[in-house]
Amino acid sequence: MTDAGRRAELAASLERVRERIARACAAAGRPPDAVTLTAVTKTYPASDVLLLAGLGVTDVGENRDQEAAAKAAAVRAGGAAPRWHFIGQLQRNKAKSVIGYADVVESVDSVRLAEALGRAAADREVPLEVLVQVSLDGDPARGGVTGDDLWRVSDAVASSPGLRLGGLMAVAPLGEDPGQAFARLAVVAAEMASRHPGSTTVSAGMSGDLEAAILHGATHVRIGTSLLGMRNSLR
């Protein structure tokens, strides 16, 4: 496909996604600019990120450090500067690499990871924004914290000079009504904002459930398939 053809394809998908977000915001009684679209570009080339940036997309999400680091460098060389979100499970030994390009790490779910990121980000001019990942189903394979661990991790982030506690991230459990899951998340988000004023980001909702997430207060939705198409693992 030519660059012009891919741009047209992405522009059409982006318009559809933005319309869904606007309708969901209207249904929730929220202004459309209350929700930020994070384009999840894992497995897609830097050229797609550059095209999306040209179409007005400001936030981009990646979940593998090796791919993200190279892609961020290529996008920067191409003249674009989106806000990079790291959204995948992160090993502590990757902390130094991730803080080299990421503006936000959304998947912090342990005190030890928070401490590793804090050490790596100690010399940053702008603190690294961190979201604490909340588990809505208790499945350790999918990441996230439960119970009082949420506040232990949140306090560790908030106490680190190199980090800024932005709020929460969550993924709807498999096989459960996402509305019910995101309603539980909304309760946790309200407590987070009470304990840590200003930590009001709620990253929740993907291609299949963004409407439910927005209804229950998501401020960011992470959209991949509906925007870029079905992923090819060999791509």
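Quantities reported herein were computed from a predicted structural model and do not represent experimental measurements.

This part takes up the overall build of the protein. In terms of helices and strands, the protein carries nine helices and eight strands. Radius of gyration (C-alpha) of the protein: 17 Å, near the 18 Å computed for a compact globule of 235 residues. Counting only C-alpha atoms, the protein reaches 50 × 40 × 30 Å along its principal axes. Going through the 235 residues of the protein one by one, you find that 49% of them count as buried. Expressed as a percentage of contacts within the protein between residues at least 6 apart in sequence, the contacts between residues at least 24 apart total 63%.

Before going further, it helps to examine empty space enclosed by the protein. Going through the model one piece at a time under the given rule, you end up with two cavities of 30 Å³ or more. Here the largest cavity is characterised by a volume of approximately 50 Å³. Looking at the largest cavity, the residues that line it are Gln133, Val134, Ser135, Leu136, Asp137, Arg142, Gly143 and Val171. Approximately 30 Å³ is the volume attributed to the second largest cavity. In terms of lining residues, the second largest cavity is bounded by Phe182, Leu185, Ala186, Val202, Ala204, Ala213, His216, Gly217 and Ala218.

Looking now at the side chain of histidine 220. Relative to the elements of secondary structure, histidine 220 occurs in strand S8 (residues 220-223). Judged by relative accessible area, which is 14%, histidine 220 ranks as buried. The residues touching histidine 220, leaving out its near neighbours within four places in the chain, are Thr36, Thr38, His85, Thr201, Val202, Ser203 and Ala204.

Turning our eyes to something else, we now look at the pattern of salt bridges. Enumeration over the complete set of coordinates arrives at 13 salt bridges. Glutamate 191 is paired through a salt bridge with arginine 195; the nearest N and O atoms lie 2.9 Å apart. Taken together, the positions of glutamate 191 and arginine 195, both in helix H7 (residues 178-195) and four residues apart, correspond to about one turn of that helix. Each of Asp59, Arg83, Glu129 and Arg164 takes part in one network of salt bridges that share partners.

Let's shift gears to unusual backbone geometry. In this structure, threonine 43 takes a positive phi of about 75° despite not being glycine. Relative to the helices and strands, threonine 43 resides in the loop between strand S1 (36-40) and helix H2 (46-54).

Inspection of the secondary structure puts glycine 147 in the loop between strand S5 (128-134) and helix H6 (149-158). Under the relative-accessibility criterion, glycine 147 is labelled exposed at 55%. Separated by 41 residues in the primary sequence, glycine 147 and valine 188 place their C-alpha atoms 10.0 Å from one another.

Direction vectors running N to C along H6 and H7 enclose 40°, while the axes themselves pass 12 Å from each other. In this view, H6 runs oblique relative to H7, as classed from their interaxial angle. Note that H6 runs across H7; the crossing there is right-handed. From H6, Leu150, Trp151 and Ser154 reach across to H7, where they touch Val188, Glu191, Met192 and Arg195.

So, how was this worked out
Residues numbered from 1 in each chain as written. Predicted model: local features only at pLDDT ≥ 70, side-chain atom pairs only at ≥ 80, totals over all residues. Heavy atoms only, no water. Helix = DSSP H or I, 4+ residues; strand = E, 2+ residues; numbered from the N terminus. Rg over C-alpha atoms; globule rule 2.2 N^0.38 Å. Buried < 20%, exposed > 50% of the residue type's maximum accessible area, 1.4 Å probe, protein only. Contact = heavy atoms within 4.5 Å. 1 Å grid on protein atoms, 1.4 Å probe; cavity = no way out; pocket = protein on both sides within 12 Å on 5 of 7 lines; lining within 4 Å. Points joined across faces, edges and corners; volume = space filled by probe spheres on them. Salt bridge = Lys/Arg side-chain N within 4 Å of Asp/Glu carboxyl O. Axes fitted to C-alpha atoms, helices over the stretch in contact; angles between N-to-C directions. Parallel < 35°, antiparallel > 145°, perpendicular 65-115°, else oblique. Left-handed = near helix turned anticlockwise from the far one by under 90°.

Note that every value here comes from positions in space, so none of it alone points to a role or purpose.
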